[in-house]
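# Structural overview for review
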Amino acid sequence: MTERTTTATVGQRVTHRRYVPYSHAHYAGNLVDGAYSLAAFGDVATEMCIVTDGDEGLFASYSDVQFKAPVRAGDVIEISAELVRVGSRSREMEFEVRVVGRGNPGRGESAADVLDPAVVATTARGVVVVP
């Protein structure tokens, strides 16, 4: 097995954007469940590990998960991970989901608005482990 070196540094960020499809609406008002944000955190953590360590890594834990605002079908969300601690095999990250766009049915069936400022919907800390 070839030993890998890491490029992980505190402050390093990865950001994804995605549209939340209506097929993911789970509750009244087109709300999606909180697990949607956690899955998105897993995706940015995976990219972070690939970029820094050449491996997808494995999620070990989440802590301090906070659901601060709803995420709805039709939203455009931005998901970020920032490295806050780098161990020999562990990587601790802070995560955030921000709603940057939202449908506006009051203006029309397919109308949507860019949110400025974005709405922070979910935050968390998590630890991943790389080989």
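What you see is a predicted model; the values in this text were computed from it and never measured.

## Considerations on the overall build of the chain
Scanning the chain from terminus to terminus reveals one helix and five strands. When its helices and strands are written in sequence order, the chain yields β-α-β-β-β-β. A buried classification covers 36% of the 131 residues belonging to the chain. A sequence separation of at least 24 residues applies to 70% of the contacts in the chain between residues at least 6 apart. When the accessible surface of the chain is summed, it comes to about 7,300 Å², and 51% of that surface belongs to carbon and sulfur atoms. Side-chain charges of the chain comprise 13 positive and 17 negative groups, with the mean position of each set lying 2 Å from the other.

## A closer look at the environment of Val14
When you line up the elements, Val14 lands in strand β1 (residues 13-19). Between the alpha carbons of Val14 and Glu78 there is a distance of 10 Å; along the sequence they are 64 residues apart. Here Val14 is in contact with Val44, Glu47, Met48, Ile79, Ser80 and Ala81, once residues within four sequence places are set aside.

## Details of helix α1 (residues 35-53)
Since one α-helical turn is 3.6 residues long, residues separated by three or four positions face the same way. In this model, α1 (19 residues) spans 26 Å end to end at C-alpha, consistent with the 27 Å of a helix rising 1.5 Å per residue. Of the residues making up α1, those classed as buried are Tyr36, Ser37, Ala40, Phe41, Gly42, Val44, Ala45, Met48, Cys49, Thr52 and Asp53. Elements that come into contact with the buried residues of α1 comprise β1, β2 (58-67), β3 (76-86), β4 (90-103) and β5 (112-129). Count one or two residues on from α1 and you reach Gly54, which has phi positive near 65°.

## Things to note about the packing of aromatic side chains
One pass over the structure, following the stated rule, counts five aromatic pairs. Plain terms: the ring middles of Tyr62 and Phe95 are 6.4 Å apart, the flat faces sit at 65° to each other, and that makes the pair edge-to-face. Here Tyr62, found in strand β2, pairs with Phe95, found in strand β4; they are 33 residues apart in sequence, far enough to count as distant. Given the relative accessible area of 3%, Phe95 is considered buried. Counting every residue linked through ring pairs, the aromatic cluster contains Phe41, Phe59, Tyr62 and Phe95.

## Observations concerning the sheet that holds β2
Here five strands make up an open sheet; going across it, the order is β1-β3-β4-β5-β2 and the pairing antiparallel. Sheet topology places β1 and β2 at the edges, where each strand pairs with a single neighbour. The mean inter-strand angle of the sheet, taken between neighbouring strand axes irrespective of direction, is 25°. In terms of strand pairing, β3 meets β4 through 10 bridges, oriented antiparallel. Counted as the bridge partner of Val86 is Arg91 from β4. The strands touched by α1 within the sheet are β1, β2, β3, β4 and β5, with β1 carrying the most contacts at an inclination of about 140°.

Cut-offs and rules
- Residues numbered from 1 in each chain as written.
- Predicted model: local features only at pLDDT ≥ 70, side-chain atom pairs only at ≥ 80, totals over all residues.
- Heavy atoms only, no water.
- Helix = DSSP H or I, 4+ residues; strand = E, 2+ residues; numbered from the N terminus.
- Buried < 20%, exposed > 50% of the residue type's maximum accessible area, 1.4 Å probe, protein only.
- Contact = heavy atoms within 4.5 Å.
- Areas by Shrake-Rupley, 256 points an atom, 1.4 Å probe, with all protein chains shown as cover.
- Lys, Arg positive; Asp, Glu negative; His and termini not counted.
- Charge placed at Lys NZ, Arg CZ, Asp CG, Glu CD.
- Expected span 1.5 Å × (residues − 1).
- Phe/Tyr/Trp six-rings, centres within 6.5 Å; stacked < 30°, edge-to-face > 60°.
- Pairing = 2+ DSSP bridges.
- Axes fitted to C-alpha atoms, helices over the stretch in contact; angles between N-to-C directions.

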